[in-house]
Each structure stands twice: as structure tokens, then as C-alpha cells.
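# Observations on chain architecture
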Amino acid sequence: MNGIEGEGLYDGLDAVELDGGLWLPGVDYVSGWREARAAADRLNRALLAAGFELSDLRANASTAGDGRGVVRLAGWPTVADRLARCLERAVGDDSGGAS
């Protein structure tokens with residue numbers, strides 16, 4: 001699969017999620033989720049452009065308990081390892097550690 005929609009590893013996981021599971025009155029969760037959704041969509045387009053399949057590795061929008069947007073990147077370990085290698089090459093670091 002090479003599109004953002006359809007069946008795959010994360011079907012249905014781009015809905016609003018709260019870490020604690022509680023909705024607090026007066027907290028604007030939708031605004032945070034919209035911000036996270038825009039960032040997740042941009043990241044997913046970049047993953048597609050880099051040759052990744054969204055059924056294997058995907059960014060998903062979520063919301064923290066305080067209403068802030070959260071973007072989670074999830075996928076198969078071998079594909080996450082491939083992404084790490086790509087990022088290491090992009091910054092010229094093959095040591096496997098953060099700079």
C-alpha cells in the first residue's frame with residue numbers, strides 16, 4: 001500500500017486518543033488533535049516520498065491529557081530500523097547513537 005488511506009497496520013488508529021483515557025471538561029482536545037493530524041499527514045507524505053509503505057510505518061495523530069497534540073510514529077521493528085539508517089545517513093552519522 002502506498003497511500004494514506006486503506007487497510008494496513010494502523011487502520012483506525014488515527015482517531016483521537018488520550019493517554020489517561022479521561023476527558024477533562026474545558027480542555028480543547030480537538031484543536032490539539034488537528035495540529036497533530038496536520039504534522040502526521042506531512043510526515044506520512046515524507047515517508048511515502050522516501051519509499052516507505054504506510055502499512056509498515058505510519059505517523060498517527062493523538063492527543064495528550066492536557067489537550068496538546070501528539071504525533072506517534074509506529075511500525076514494524078525492521079522498518080523502523082530502516083528509517084533510522086536513512087536518518088543516520090542524512091546527518092552523516094553511522095554510529096547508531098544520538099548526537
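Residues numbered from 1 in each chain as written. Predicted model: local features only at pLDDT ≥ 70, side-chain atom pairs only at ≥ 80, totals over all residues. Heavy atoms only, no water.

Okay, helix α2 (residues 77-91) next. With 15 residues, α2 extends 21 Å between its outermost C-alpha atoms, agreeing within 8% with the 21 Å of an ideal straight helix rising 1.5 Å per residue. One or two positions beyond α2, positive phi appears at G92, with a value near 75°. (Helix = DSSP H or I, 4+ residues; strand = E, 2+ residues; numbered from the N terminus. Expected span 1.5 Å × (residues − 1).)

Moving on, we come to the packing of aromatic side chains. According to the stated counting rule, one finds zero aromatic pairs in the structure shown. Sitting over the face of the ring of F52, R82 holds its NZ or CZ atom 4.0 Å from the ring centroid. (Phe/Tyr/Trp six-rings, centres within 6.5 Å; stacked < 30°, edge-to-face > 60°. Lys NZ or Arg CZ within 6 Å of the ring centre and 35° of its normal.)

As a further point, take the pattern of salt bridges. Under the counting rule described, the total for this entry stands at three salt bridges. Of the charged contacts, one joins D66 and R68 as a salt bridge, the two residues approaching to 2.8 Å between their closest N and O atoms. Measuring nitrogen to oxygen at the nearest pair gives 2.5 Å for the salt bridge that ties D81 to R85. With D81 and R85 both in helix α2 and four residues apart, this pair spans about one turn of that helix. Residue classification places D81 among the partly exposed residues on the basis of a relative accessible area of 41%. (Salt bridge = Lys/Arg side-chain N within 4 Å of Asp/Glu carboxyl O. Buried < 20%, exposed > 50% of the residue type's maximum accessible area, 1.4 Å probe, protein only.)

As far as function goes, none of this settles anything; it's purely spatial.
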